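Letter by letter, the chains look like this.
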Amino acid sequence: MSAIVRGLDEAARVTLHHHRITQASWRRHYFGAEATTWLGDRCGCPDDRCIDYHHDAHEDCSCLLALIADYEGSGA
Ligand SMILES: [Zn+2]
Ligand SMILES: [Zn+2]
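Just so it is clear, the model here is predicted, and its values are computed rather than measured.

Reading the values: the criteria
Once a new chain begins, its residue numbering starts again from 1 and follows that chain's sequence as written. As they are written, the chains are lettered A onward and the ligands numbered 1 onward, keeping that order. Given that this is a predicted model, residues contribute local features only at a pLDDT of at least 70 and side-chain atom pairs are listed and counted only at 80 or more, while totals for whole chains, interfaces and linings are drawn from all residues. Here a helix means four or more residues in a row that DSSP labels H or I, a strand means two or more in a row labelled E, and each is numbered from the N terminus. Buried means a residue has 20 or more other C-beta atoms within 10 Å of its own C-beta, exposed means 12 or fewer, and partly exposed covers the counts in between; C-beta atoms are placed from the backbone. Contacts here follow a simple rule: the backbone-placed C-beta atoms of the two residues must lie within 7 Å.

Undergrad: How should I be thinking about the overall build of the protein chain in this particular structure?
TA: When its secondary structure is counted, the protein chain shows three helices and zero strands. Counting helices and strands in the order they occur from the N terminus, the protein chain gives α-α-α. Relative to its 76 residues, the protein chain shows a buried fraction of 17%.

Undergrad: So what exactly am I meant to see when it comes to unusual backbone geometry here?
TA: Trans peptide bonds make up the majority, and among non-glycine residues the majority have a negative phi. Despite not being glycine, Arg20 has its phi angle at roughly 55°, a positive value. Even without being a glycine, Asp52 presents a positive backbone phi close to 80°. Position of Asp52 relative to the elements: it lies in the loop between α2 (23–31) and α3 (62–73). On the neighbour-count criterion, Asp52 (9 C-beta atoms within 10 Å) is exposed.

Undergrad: Hey, could you run me through the environment of His29 in this one?
TA: Its location among the elements puts His29 in helix α2. Between the alpha carbons of His29 and Tyr71 there is a distance of 8.4 Å; along the sequence they are 42 residues apart.

Undergrad: Would you take a moment to explain the environment of Cys61 for this structure?
TA: Looking at where Cys61 falls in the secondary structure, it is placed in the loop between α2 and α3. A count of 21 C-beta atoms within 10 Å places Cys61 in the buried class. C-alpha of Cys61 to C-alpha of Cys43: the two residues are 18 residues apart in sequence and 6.1 Å apart in space. Beyond its immediate chain neighbours, meaning those up to four positions away, Cys61 contacts Cys43, Gly44, Cys45, Cys50 and His55.

Read these as layout, nothing more, since geometry by itself doesn't imply function.
This is how it looks when you write it as C-alpha cells:
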C-alpha cells in the first residue's frame, strides 16, 4: 500500500512556526488561494517528490530553509 500522505509533517510545521509563517500562507504562496490542501512534500518543499529525491527521509529539508529565506525576502 502506498497511500500518498498530504500535509506538512511535524518538523516542517515547527520550522514554519518559528518563522511566523502559517501553513495556510505557505500553501497559498505556492499553490494559490484555491488550494485547500498542501500539494508539496511533507517536509515543506512545494516539490511533491522532495523526500528521497532532494534529501533522505531522515535529513532536514534544506529546500525548506532556502524557500523560507526567499519568502521572507519577498516581503510577503
Ligand atoms: Zn525539495
Ligand atoms: Zn524536503
